[in-house]
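Chain by chain, the residues run as shown.
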Amino acid sequence: MSALPGATRSGTLVPRAIRSSTLLRSLLLVVVAGLVLLVVSDQLSAYRDLQLAAGAYYFCVLAGLTVLAGSSGQISLGHGALMAVGAYTVGKLANVGWAVVPELAAGTAATLIIGIPLGIAASRLRGPYLAGATLAFAVGLPALADRFPTFLGGENGLTINPPTPPASLGANFPLERWEAWIACAGAVIVLFVFYNLGRSGVGRALRAVRDDEIAASLGGLRIGRWQTLAFSLSAAAAGLGGGLLAVVTQTIAPGAFPLQLSLSLLAGVVIGGLGSLMGAVWGAILLVFLPNWTNDAANSFSLSSNVSHNLPLAVYGVVLIGAMLVWPSGIQGALRAIWRRAATALGTGGGQTPARTPGDGGTAITVDAPPRTPAAEEPTPEAGAQAPSER
Amino acid sequence: MTKFIDLTLNGISTGAIYAAVALALVLIWRSTRIVNFAQGAMLMFTTFIASGVIDGGGSYVLGFAVALASGFVLGAVVERVLVRPVEGAPQLNAVILTLGLYTLLVALAGMIWGNTPRSFPAAFSLRGYRVGGTTLLFTPNDTFTVLVVLAVAALLALLFRRTTLGLRMRAAAFAPEVARLLGVRVGRMLTLGWALAAVTGALAGVLVAPSVFVGPNNFDPILISGFVAAVIGGLDSPPGAVIGGLLLGLALSYVSGYEGSALVPLAALVILMIVLMIRPTGLFAATRERRV
Amino acid sequence: MEPTVLKIEELTTDYGPIRAVDHVSLEVPEGSVTAVLGANGAGKTSLLRSITGLVRPTSGHVRVEGEDITRWPVEEIVRFGVAHVPEGRGVIAELTVQENLRLGGLWRGREAMPLREIYELFPRLEERAGQPASRLSGGERQMLSIGRALVGRPRALLLDEPSLGLAPVLVAQIMSLVRRLTDTLGLAVLLVEQNARSALSIANRGVVLNLGRVVAEQDPQKLAADDSLLHAYLGF
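Given the structure is predicted, the values throughout are model-derived calculations rather than measurements.

Student: What is the right way to read the overall build of chain B from this model?
Tutor: Broken down by element type, chain B carries 11 helices and 2 strands. The secondary structure elements of chain B, listed N-terminal to C-terminal, are α-α-α-α-β-β-α-α-α-α-α-α-α. At 19 Å, chain B has a C-alpha radius of gyration in line with the 19 Å of a compact globule built from 292 residues. With the C-alpha coordinates aligned to their principal axes, the bounding extent of chain B is approximately 65 × 45 × 35 Å. Evaluated residue by residue, chain B yields a buried proportion of 60% over its 292 residues. The long-range fraction of contacts in chain B, counting pairs at least 24 apart against all pairs at least 6 apart in sequence, stands at 72%.

Okay, structure coming up:
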């Protein structure tokens, strides 16, 4: 792994070996995150542990989605449906006696497999076409449960046996904490994979594709392959998230995976900042806590049930619109901008770290990232006529 | 055999609806190079307004007119306020923005009118025509639907091809910078384009409401089908939208009849993928392929 | 001395850190042609785009018959009587020749030049009136874009490299046509060209730009004869 420009930011506090190897850094990150989660989950009540678990499985999906959107510029509305694939796979396997880890692996694998042809299709589609296709997928897939009611449980869905904590943890080990551990383990694995992906050659290839497809293909990159890979990996992450959702909530029904879910996922990645793994954390927090906050708001303002029921969705809508109009790089981007300004004000840090340092995969990649010359957007009949070049 | 005829006739009437939605999408695409994913939600909203008018005692005609008028206003406001800032930006921004608008409109509709779908009256009789001894699955209301959609398509074609306003709108759509240099107030033309598209969508909403019922999410399949129809015909081509709509209506009608209605959205997806793989610019690619 | 139609004062335009137009001042009187010369990247196109408002100038003023139009929207500047034939002609390929022409005068309404007169100037266009503009050759497109600009009866006409891609015979035709129109219609013409000699042959004034700045302003005959200057700034 090459030495990364981002490394200068951390100054001399972090040892050289850690700075220069992505693998080591990600391992360290993962270990630290894992320990933190372990400690935190111990302190939490059962209810909070469930929320932690929910945050973890949302993070899995959001991480995949944000990498897809931010790194290769692809928008998918189908990740809710992909979660359903993972969830139903895990559900069917759990009910025939599979253990937690194998069934989760199988759920992830199943979604990965489905993700490949989808990814191939996705790689051929640009922006709105991909969004439209995944939209159709999101609306169409859950309907399959109605078509095959006996196998998939129809409208009522499947109930899943809860995972039992291993005996070594003691007889009174709370189920919720065990579920939180499982979910967090999944999240940490996803973090590891995507952190490395972002900073590797693959990540650079994806960003090259996102920034300028034509240049990338001229430069020898097989665009189709990279986009398929990005899509498949993000699908797998969504499948894992869905599988974890099944394990934690123990019921899955078509009603749990409506189009709204995919839209809320999109809002989650947008608010966090497209392409940013840290942003995925913000998004997960939003998705977990928003229903509670809106409920509380509804109660304290005595809002009607119609209003309170739809309030989370309205917030997602406002987030999506607001982000595009006002705040394209999301929370993480805003934080990063503040950090940068503070750093330059203090005269420390990497100085002019631009918003999109290549290799610095964690940067919130602004949605309006590739500054295409205005000319490219104008459908002028005469080629090359309107470029703002000096003549 | 009667089943086949029934399905064909049904396909024509649903196809007319898809054609109208596709036409709205094409109008917006041609003028601003944006796929308006909020189109379904916008027409849902205007249909709710019409439903409110009718439930409050207004006549069908009044409700119809209110739907169209509110569509015009909604389309104009959305373009001017929300879409204008992202018109020059990369595609991704517009996609996310329209999706956000879709989400917000669905939520607002739920807040204002509740999530329980309600019925909507039809303009004409819903009893099928009797031919010989059998009753067809085609009603006077369906005839009305098809005729209205065709009439609107024809009116729009006339507007664009034969009027100076249409000339300005086409210029603003094809070459906005050059159009500015010719004194065309491009911004206003784009707003007008969205307004007209929204009217067309509102029309589709009112026409299809009796069969799908009026609820925040009840029009989602219509949007998807409209999108697929627009892609089939070519996003640049209004006649393509109409023909694409009819073809898709037929295809999905057969799927629904022989395989069950649950599979319709997936069938639409499959058709979409086939078209995009084989002929991405659509059957009637009117102009040179732009950056699709 | 003819009245000044177009007056540019200390016009400066920046594209981010790049200064494309650097304190340019020019005056174009009625019924005259001012040739603006320079090599690639000298700022000629940026100058025109700054005048018509396609690009916002950073500072300076543009006045048309005394009116300060510097920060007006493009459409309003055009409707005030400034016609701009852009680089590459800007013919709208999807529309017919006739539709392109009509477009030029829509904002003028009744007072626009009747198409009949344009067709008298450009018979070739009449032959192709109903055809899509995409079918036209380069020379025909140039005629179309000039004709289209004239339909609106402008007071000032900005031409961006009309000779680009055209055979010398056509270039000569177009230049003499521009001269004729300037005289008969009393236009104030700002003619941007890389083809210095053909531009200078019809110009009343010659201006040379380099790096966005005016580096020479002279009688066209003197400029045309000044080989060393032309060589230094235009490369031949």
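Student: What should I look at first to understand the interface of chain A and chain B in this one?
Tutor: The extent of an interface is frequently quoted as the accessible surface area lost upon association of the parts. Between chain A and chain B, the residue contacts involve 48 residues of the former and 48 residues of the latter. When residues of the side of chain A that touches chain B are traced back to their parent elements, those giving at least two are α6 (127–140), α7 (144–147), α13 (259–272), α15 (305–325) and α17 (374–377) of chain A. Take the side of chain A that touches chain B: its biggest share by element is 13 residues, from α15 of chain A. Within the side of chain A that touches chain B, the residues separate by chemical class into 30 nonpolar, 10 polar and 8 charged.

Student: Looking at this structure, how should I read the environment of threonine 294 of chain A?
Tutor: Residue and element names in this part refer to chain A. Inspection of the secondary structure assignment puts threonine 294 in helix α14 (residues 277–300). In the structure, threonine 294 is positioned 56 residues away from alanine 238 in sequence and 26 Å away in space, judged by C-alpha atoms. Each residue touching threonine 294, except ones within four places of it in the same chain, is listed here: Ser308, Leu311, Pro312 and Val315.

Student: Looking at this model, I keep getting lost on the sheet that holds strand β5 (residues 67–68) of chain C. Mind explaining?
Tutor: Either a parallel or an antiparallel arrangement is found when strands of a sheet pair, and the pairing is made through backbone hydrogen bonds. Residue and element names in this part refer to chain C. The strand order across the open sheet built from 4 strands is β2-β1-β4-β5, with neighbouring strands paired in antiparallel fashion. Strands at the two margins of the open sheet, each flanked by one partner only, are β2 (18–29) and β5. Where strand β1 (residues 4–15) meets strand β4 (residues 59–64), 5 bridges bridge the pair, whose relative direction is antiparallel. If you follow isoleucine 8 over to β4, its bridge partner there is valine 62.

Reading the values: rules and limits
- Residues numbered from 1 in each chain as written.
- Chains lettered and ligands numbered in written order.
- Predicted model: local features only at pLDDT ≥ 70, side-chain atom pairs only at ≥ 80, totals over all residues.
- Helix = DSSP H or I, 4+ residues; strand = E, 2+ residues; numbered from the N terminus.
- Rg over C-alpha atoms; globule rule 2.2 N^0.38 Å.
- Buried ≥ 20, exposed ≤ 12 C-beta atoms within 10 Å, placed from the backbone.
- Contact = placed C-beta atoms within 7 Å.
- Nonpolar A, V, L, I, M, F, W, Y, C, P; charged D, E, K, R; others polar.
- Pairing = 2+ DSSP bridges.

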